Amino acid sequence: MTFAVTILAVMCSLASLSDNFNVPTPTADVKVLNINWFQKQPNGNDEVSLTLNISADLSSMFTWNTKQVFVFVAAEYETAQNALNQVSLWDGIIQSKEHATFWIHTTNKYRFIDQGSNLRGKDFNLTLHWHVMPKTGKMFADKIVMTGYRLPEEYR
């Protein structure tokens, strides 16, 4: 039994190491099509609703060892209190290479809220993050950052 478990562990390690030779080349583009509304909530927090176009080709991340890929879009910005604020806007799980190339037109799935009045006129980035969950071995994560977005100066 010990010998069988040792051989199995060695085989899993070799299989996991062979996956390191894959160099993924994902592409992605996230665009803000519209700011649907931008308001101050009664409790003083800023809230934004966005319409997004999310397109990506993550098929290069799928190998024989890929179980699934968790992907999400986050808005990232700085405030006086925090050097990095991240707000998840949309997420999904891709379970096969056939579904790894996608184009989605959507509003933010999760609320874009800042605790305070920090969003007026704020520059922000949209970042597509992904986590590759293998069948065996360690998880791999990376991201693509898209810069140059700005929120309005006034509520609407």
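As shown above, the structure is provided for reference.
Cut-off values and rules
- Residues numbered from 1 in each chain as written.
- Predicted model: local features only at pLDDT ≥ 70, side-chain atom pairs only at ≥ 80, totals over all residues.
- Heavy atoms only, no water.
- Salt bridge = Lys/Arg side-chain N within 4 Å of Asp/Glu carboxyl O.
- Helix = DSSP H or I, 4+ residues; strand = E, 2+ residues; numbered from the N terminus.
- Buried < 20%, exposed > 50% of the residue type's maximum accessible area, 1.4 Å probe, protein only.
- Polar contact = N/O pair within 3.5 Å; in protein donor to acceptor, adjacent residues only side chain to side chain.
- Contact = heavy atoms within 4.5 Å.
- Pairing = 2+ DSSP bridges.
- Patch = residues over 30% accessible without salt bridge, like charges linked within 9 Å, V, L, I, M, F, W, Y side chains within 5 Å.
- Areas by Shrake-Rupley, 256 points an atom, 1.4 Å probe, with all protein chains shown as cover.
- Phe/Tyr/Trp six-rings, centres within 6.5 Å; stacked < 30°, edge-to-face > 60°.

A.B. asks: Would you mind going over the pattern of salt bridges with me for this structure?
C.D. replies: A side chain of one charge can pair with a side chain of the opposite charge when the charged atoms of the two come close. If you walk through the whole model with that rule in mind, you get five salt bridges. Where arginine 111 meets glutamate 47, a salt bridge forms, and the shortest distance between an N and an O atom there is 3.0 Å. Taken together, the residues arginine 111 in the loop between strand 5 (101-107) and strand 6 (112-114) and glutamate 47 in strand 2 (residues 46-57) connect sequence positions 64 residues apart. Take arginine 111: its relative accessible area is 54%, and that puts it in the exposed class. One salt bridge connects arginine 150 with glutamate 153, and the closest N-O pair in it is separated by 3.3 Å. The class for arginine 150 is partly exposed, based on a relative accessible area of 47%. Judged by its relative accessible area of 45%, glutamate 153 is partly exposed. A single salt-bridge network, built from bridges that share partners, covers Asp123, Arg150 and Glu153.

A.B. asks: When you look at the side chain of glutamine 68 in this model, what are you seeing that I'm missing?
C.D. replies: Looking at the element boundaries, glutamine 68 is found in strand 3 (residues 66-77). For glutamine 68, a relative accessible area of 16% gives the class buried. Separated by 3.4 Å, the side chains of glutamine 68 and glutamine 95 make a polar contact. Those residues within four positions of glutamine 68 in sequence are excluded, and the remaining contacts are Ile93, Ile94, Gln95, His131, Val132 and Met133.

A.B. asks: Got a minute to help me understand the pairing of strand 3 in this structure?
C.D. replies: Consecutive side chains of a regular strand alternate in pointing toward one face of the sheet and then the other. Most of strand 3 is tucked away, with ten of its twelve residues classed as buried. For strand 3 and strand 7 (residues 123-134), the ladder comprises ten bridges, and the chain directions are antiparallel. In the strand pairing of strand 7, glutamate 76 is matched with asparagine 125. Pairing geometry for strand 3 and strand 4 (residues 85-94), over nine bridges, is antiparallel. Directly across from valine 69, in strand 4, lies its bridge partner isoleucine 94.

A.B. asks: Looking at this model, I keep getting lost on a nonpolar patch on the surface. Mind explaining?
C.D. replies: A cluster of nonpolar residues, Phe3, Ile7, Val10, Met11, Leu14 and Leu17, forms a patch on the protein surface that exposes about 620 Å² of accessible area. For phenylalanine 3, the location among the structural elements is in helix 1 (residues 2-18). Relative accessible area serves as the criterion here: at 64%, phenylalanine 3 is assigned to the exposed category.

A.B. asks: Explain the packing of aromatic side chains to me, please; I cannot follow it from the model alone.
C.D. replies: Here a ring pair, both rings aromatic, is described through the centre-centre distance and the interplanar angle of the planes. Applying the stated criterion to the full structure yields six aromatic pairs. With centroids separated by 6.1 Å and ring planes inclined at 70 degrees, the aromatic side chains of phenylalanine 112 and phenylalanine 124 adopt a geometry described as edge-to-face. Placement of the pair is phenylalanine 112 in strand 6 and phenylalanine 124 in strand 7, with a sequence separation of twelve residues. Here phenylalanine 112 matches phenylalanine 124 in class, with each residue buried. Put simply, the rings of Tyr77, Phe112, Phe124 and Tyr149 touch in pairs and so form one group of aromatic residues.

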